[in-house]
Amino acid sequence: VADFEYLRPRAGTITAKVWEIADRILKEEGAITMNHRDLVIQACTREDIKANTASTQYSSWRKVHR
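Small disclaimer: the values here were computed from a predicted structure and weren't measured.

**Observations concerning the environment of Ser59**
So, point 1. Relative to the helices and strands, Ser59 resides in helix α3 (residues 51-64).
So, point 2. Look at Ser59 and you get partly exposed, because its relative accessible area is 36%.
So, point 3. Considering only alpha carbons, one finds Ser59 and Arg37, 22 residues apart in sequence, at a separation of 8.7 Å.

**Focus: helix α1 (residues 14-29)**
So, point 1. The end-to-end C-alpha separation of α1 is 23 Å, in line with the 22 Å expected for 16 residues at 1.5 Å each.
So, point 2. Of all the residues in α1, the buried ones are Ala16, Val18, Trp19, Ile21, Ala22 and Ile25.
So, point 3. Tucked into the core, α1 has its buried residues touching α2 (36-46) and α3.
So, point 4. A positive phi of about 85 degrees marks Gly30, the residue just after α1.

**A short note on the side chain of His65**
So, point 1. On the secondary structure map, His65 appears in the segment after α3.
So, point 2. Reaching out from His65, the side chain makes a polar contact with the backbone oxygen of Trp61 at a distance of 2.8 Å.
So, point 3. In this structure His65 touches Asp23, Leu26 and Ile32, once residues within four positions along its chain are discounted.

Cut-offs used in this document
- Residues numbered from 1 in each chain as written.
- Predicted model: local features only at pLDDT ≥ 70, side-chain atom pairs only at ≥ 80, totals over all residues.
- Heavy atoms only, no water.
- Helix = DSSP H or I, 4+ residues; strand = E, 2+ residues; numbered from the N terminus.
- Buried < 20%, exposed > 50% of the residue type's maximum accessible area, 1.4 Å probe, protein only.
- Expected span 1.5 Å × (residues − 1).
- Contact = heavy atoms within 4.5 Å.
- Polar contact = N/O pair within 3.5 Å; in protein donor to acceptor, adjacent residues only side chain to side chain.

None of the figures reported here should be taken as evidence of function without further support.
This is the structure:
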């Protein structure tokens, strides 16, 4: 198991949903684009995830995806 697997939030949680959305958008875009963070936060708010939660979790996700 890769080191980052230990850093991922537990499946089924709201925080894990943010990571899933970030992963999905990364796959769709093919790279982490300049507006990736904005796209993730927008997608999260459409799924009733608070923007602050999305922002915090995106920061954690991004540390793993350097």
